[in-house]
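# Coordinate inspection notes
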Amino acid sequence: MTSNAVGVAETTHLIDEIVATSPNRLAVEDTEGSVSYGELSARADRVARRLIRLGVRSGDLVGLCLERSTSLIVAALGIFRAGAAYVAIDPAYPDERLRWILSDSAPVATVTDRGTMDRLGSIAQTIVLEAGGRLNPEIPDGTGEELPPPPSVEDLAYVVYTSGSTGRPKGAMIDHAGLLNLAEWHRRAFDLGPGDRCTQIVSPGFDAAVLEIWPALAA
């Protein structure tokens, strides 16, 4: 595929095409079980609508503080579908670093799990995911509400914090064009296609994690 550098963010558009044509194909598998593309899409939409109910709008930042899991993938896609960008945070970070990143990035909301929720303090509104990226069904998620248009390649995709030359974390902002180019190169270089499997080993708070997630999902 050749990037046209305009229009919708093709990385997410390719995922949408797989959802439409092969909803039963395996998308993600972890120790809790496997999730098809159709299930992944439905759960991501619920996360997106819950975020919108919390006031998240296109262009906003949303904290993403989850272990490597199906929940991480559901939440990241849900944040994109809400029109927002995610701030990648590894829950293995010390509490002080977790809260500093949230304070510095000032996300409108944060998606996390029950084990991490209390460690984040009250810096941002919190959405808690259960195993498999499921939401508490007792809380309304706005099912049926229209989601915003897909992000464009010019829109911000994610923020990842690096140590920086001073040793103080600095947020690097990556747009969807950069994510698209990275995903396309990775797919070509490793000849990824349907049926291939990729591991998710890198810390969710490290930039290389996107290489393990988006190219595989888009293939």
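Residues numbered from 1 in each chain as written. Predicted model: local features only at pLDDT ≥ 70, side-chain atom pairs only at ≥ 80, totals over all residues. Heavy atoms only, no water.

### Re the confidence of the model for the chain
Overall, the prediction assigns the chain a mean pLDDT of 88, with 90% of residues at 70 or greater. Looking across the chain, the model is least confident in helix H1 (residues 10-21), with a mean pLDDT of 87, and most confident in strand E3 (residues 61-65), with 97. Below a pLDDT of 50 lies the segment residues 1-8, which in the model reaches 21 contacts outside its immediate sequence neighbourhood of four places, other chains included. (pLDDT = per-residue confidence, 0-100. Helix = DSSP H or I, 4+ residues; strand = E, 2+ residues; numbered from the N terminus. Contact = heavy atoms within 4.5 Å.)

### Looking at empty space enclosed by the protein
Overall, the coordinates contain one cavity of 30 Å³ or more when judged by the stated rule. Considering only enclosed or pocket space, the largest cavity measures out at about 120 Å³ in volume. As for the largest cavity, its lining consists of 15 residues, and the residues nearest its centre are Tyr86, Pro204, Ala209, Val210 and Ile213. Going through the elements one at a time, helix H3 (70-81), strand E4 (85-89), strand E7 (156-162) and helix H7 (209-218) are the ones with two or more residues in the lining of the largest cavity. In terms of residue count, the dominant contributor to the lining of the largest cavity is H7 (four residues). When its residues are assigned to classes, the lining of the largest cavity shows 14 nonpolar, no polar and one charged. (1 Å grid on protein atoms, 1.4 Å probe; cavity = no way out; pocket = protein on both sides within 12 Å on 5 of 7 lines; lining within 4 Å. Points joined across faces, edges and corners; volume = space filled by probe spheres on them. Nonpolar A, V, L, I, M, F, W, Y, C, P; charged D, E, K, R; others polar.)

### A look at the nonpolar core
Counting residues in each nonpolar core, the largest one holds 42 residues, and the members touching the most others are Leu51, Tyr86, Val111, Trp214 and Leu217. Top element by residues in this core is H3. It accounts for eight residues. Apart from the residues lying within four places of it in its own chain, the contact partners of Tyr86 are Val62, Leu64, Ala76, Ile79, Phe80, Ala157, Tyr158, Val159, Val210 and Trp214. Membership of the second largest hydrophobic core comes to 12 residues, among which are Val87, Ile101, Leu102 and Val159. (Core = buried A, V, L, I, M, F, W, Y, C linked by side-chain atoms within 4.5 Å. Buried < 20%, exposed > 50% of the residue type's maximum accessible area, 1.4 Å probe, protein only.)

### Looking at the layout of surface pockets
Quantified by volume, the largest pocket comes out at close to 610 Å³. In terms of lining residues, the largest pocket is bounded by 25 residues, among which Ala27, Val28, Glu29, Arg197 and Cys198 are the most central. Of all the secondary-structure elements, those providing two or more residues to the lining of the largest pocket are strand E1 (26-30), H3 and H7. A breakdown of the residues in the lining of the largest pocket according to their chemical character gives 13 nonpolar, five polar and seven charged.

### Observations regarding the pairing of E3
With five of five residues buried, E3 is to be regarded as a mostly interior element. Where burial is concerned, the two faces of E3 agree: the one with Leu61, Gly63 and Cys65 and the one with Val62 and Leu64 are both buried. Here E3 runs beside E4; their pairing, made up of five bridges, is parallel. In the sheet register, Leu64 faces E4, and the bridge partner there is Ala88. One crossover worth recording links E3 to the parallel E4 by way of H3, and it is right-handed. Here three bridges tie E3 to strand E5 (residues 109-112), and the two strands are oriented parallel to one another. By the bridge assignment for E5, Leu64 is matched with Val111. (Pairing = 2+ DSSP bridges. Right-handed = clockwise from strand over helix to strand, strands pointing away.)

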